[in-house]
Amino acid sequence: MILIVAEQAGGQLSKSTLEMVTGARELHRDGPVTLLVLGANIAAAAAQAATFADQVLVADRPELAQYDAELWAAATAQIAREGEAHTILIAGDRAGREFSPRVAVKLEAALLEDVIGLRWTGSALVAQRYSFLARVTETVEAKSATAVVTVKPGAFSAAQPAAAAAEQFDVELELPARRLQVTGKAVEKTGRIALADASIVVAGGRGVGSPEAFTAQVEALADKLGAAVGATRAIVDAGWRPYAEQVGQTGKTVQPKLYVAVGISGAVQHLSGMNKSGCIVAINKDADAPIFKVADYGVVGDAAQIVPAMIAAL
Amino acid sequence: MNILVCLKQVPKKDARLTLNEAGTWIREDVPYEVNEPDAYALEEALRQKEKHGGQVTVLTAGPPRAQQVLREALAKGADRAIHLQDDAFAAADPLRTARAIAAAIRDEAFDMVFTGLQSDDFGSAQVGVLLAQLLGWPSATIIIGIEKTEAGVRVKRELEAGEFQLLDMPVPCVLTIQSGINKLRYATLMGIKQAKNKPVRQVTLSEVESDAGQPLQQITRLYVPLKQKQTEMVTGTPAEIARKLAELLRDRVRVI
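These notes cover the structure that comes with them. (Residues numbered from 1 in each chain as written. Chains lettered and ligands numbered in written order. Predicted model: local features only at pLDDT ≥ 70, side-chain atom pairs only at ≥ 80, totals over all residues. Heavy atoms only, no water.)

**Description of the interface of chain B and chain A**
Where we set the bar: Any two residues whose heavy atoms approach within 4.5 Å are treated as being in contact. Defined in terms of a 1.4 Å probe, buried area is the accessible area two parts forfeit on being brought together, summed over both. Identification of polar contacts relies on pairs of N or O atoms within 3.5 Å, with a donor-acceptor requirement for protein atoms, meaning one able to donate a hydrogen and the other able to accept it, and with residues adjacent in sequence counted only if both atoms are side-chain atoms. Only DSSP runs of H or I covering at least 4 residues are called helices, and only runs of E covering at least 2 are called strands; the numbering of each starts at the N terminus. Gly is placed with the polar residues, together with every amino acid not listed as nonpolar (Ala, Val, Leu, Ile, Met, Phe, Trp, Tyr, Cys and Pro) or charged (Asp, Glu, Lys and Arg). At least two DSSP bridges between two strands are needed for those strands to be called paired.
With 86 residues of chain B at the contact, the number on the chain A side is 79 residues. For the pair chain B and chain A, the summed buried surface comes to about 7,000 Å²; carbon and sulfur atoms form 57% of the total. Put simply, chain B and chain A have 36 residue pairs in polar contact (both at pLDDT 80 or more) between them. Considering each element in turn, the side of chain B that touches chain A owes the most residues, 11 residues, to helix 7 (residues 238–252) of chain B. Taken together, the residues of the side of chain B that touches chain A break down into 47 nonpolar, 19 polar and 20 charged. One ladder, built from 6 bridges, connects strand 9 (residues 136–142) of chain A with strand 12 (residues 217–223) of chain B; its direction is antiparallel. The residue bridging A:V140 from the neighbouring strand is B:I219, located in strand 12 of chain B.

Dropping the structure here:
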């Protein structure tokens, strides 16, 4: 079977989960597409899962109320083994990329990380992924019968629910004791749409000039477009903008339909976080700035004049 | 606290990448540097040592050229180094690398292992967690703060979209460190001199090869896009530029 580890919060499956269902269907491999739903009080999410999968396995236990890498890995590996899963799909977000290596070790399986494409050749599972800070596309082949795959968010379109619901089965798990205790949470909310969810991102860098100019230009344009605000590492380190807005840091990438880069020169590390955006508009004083290499539309000029004019014209 | 920091030597971020003839790996005649998140992992280990005592050991798995990152780390203040030295480590998959490291440190006693959260080449973000699983230790990823506690450490980790979590965890453990957790130091002249006399343990491939096992995955093809985009420059007065951009976004890109 193809085992998909579902992600759920507040009774809803995540978008990544529905994308993985599409990825699993497109493989056309043997066995049912199976969603494993882990958590506490998850009946609603399990019922939703039944409209997407061929079968749903449910582990509804108080110990699973909060995500933990070792618990999730133990549960996934046990179910994969019992169900003789040949392909295990896990969302390529922070949690998934954290517990997937542990699953691969337990199953002695290949681990194809953060894939953007996946196909079954009839004898091997082959994935595409980005490497070298998204400057190279890599084709990698699993050499083992079982493969664990983390799927980059947005790699597939979200599946549509079926009219008939699949059967749900409760599963018994042998879980290890939790070794990490969550003692607190902090949220750096900006009141704006989150970077990861945004279809438009307006981002600024040092070239904007000052924190005040960032507010007047980048934030104002973002407000006009209903966009998320992004920032380069340089100005986050300088304390102009909160860490939550940083784009391009290793591990934090965005892929909106439109990315407007204001006063961003385009260090490789920043480009790796945004160069897969649908359309990139770059505004920079320096005509030789590397950002123009990845831009669809470039403007050489002073953002302090161009951005307010854009806000007026939109 | 005795801390092991795993470092990787990777192509410089702005290095021009070209492929080997088979198209299965990059040509290795490029300038190299230490993987950036690993540099922050080292800095964090040195700071922990300054606060709480203990030793910092640095380790790399790579060809002879990779010794450069160990020398730099020793010059910055690490106490000793371990070099798993073989050309085969340059493109080894994460599981084989983690198994080789686990075998190499079998007789060592570390309280914590730090790695960068991922490498700038493969970017798989696996070796740290794999090592934890192989050692039977707990782990936490994308760490942006570490405080020692009675029983272990309290760490701050980054989740999605501006959310952070505080975790109490026992030692020994593995932590993967986010770039920007601290400010990097430079090696002093004194440090560079002292580094020459610090011990570097060499580990050969044959010592760890049976533990590393067979590769479970293989890169069959790499592809480097020649020029990513055809850039259209928009010119005119600010008002003209603004009007043209608005039209393009509305009519051609259709995002607004």
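There's more to say after this.
**Quick look at empty space enclosed by the protein**
All names here are of chain B. Threshold: Grid spacing is 1 Å over the protein atoms alone, the probe is 1.4 Å, and a cavity is where that probe fits but cannot get out, while a pocket is an open set with protein on both sides within 12 Å along at least five of seven lines and lining residues have an atom within 4 Å of a point. Grid points are joined across faces, edges and corners, and a volume is the space filled by probe spheres set on the points.
Applying the stated rule across the entire model yields 4 cavities of 30 Å³ or more. In terms of lining residues, the largest cavity is bounded by 26 residues, among which K8, D38, T97, S119 and V127 are the most central. Sorting the residues of the lining of the largest cavity by element identifies strand 4 (56–62), helix 3 (94–104), strand 6 (112–116) and helix 4 (127–135) as the ones contributing at least two each. Tallied by class, residues from the lining of the largest cavity come to 13 nonpolar, 11 polar and 2 charged. What the second largest cavity holds in volume is close to 130 Å³. Its residues placed into classes, the lining of the second largest cavity shows 10 nonpolar, 2 polar and 4 charged.

**Some points on the sheet that holds strand 12 of chain B**
Under the convention used in this document: Lines fitted to the C-alpha atoms define the axes, with helices restricted to the stretch that makes contact. Angles between their N-to-C directions range from 0 to 180 degrees.
Overall, mixed pairing links the 10 strands, which are arranged 11(A)-5(A)-4(A)-1(A)-6(A)-10(A)-7(A)-8(A)-9(A)-12(B) in an open sheet. In this open sheet, the two edge strands, each paired with only one partner strand, are strand 11 (167–170) of chain A together with strand 12 of chain B. Averaged over all pairs of adjacent strands, the angle between strand axes in this sheet comes to 35°, irrespective of strand direction. Where strand 1 (residues 2–5) of chain A meets strand 4 (residues 33–39) of chain A, 4 bridges bridge the pair, whose relative direction is parallel. Each bridged residue has a counterpart across the sheet, and for A:L3 the counterpart in strand 4 of chain A is A:T34. Contacting strand 1, strand 6 (87–91), strand 7 (110–120) and strand 10 (147–151) of chain A, helix 4 (residues 94–107) of chain A crosses the sheet at an angle of about 95° to strand 7 of chain A.

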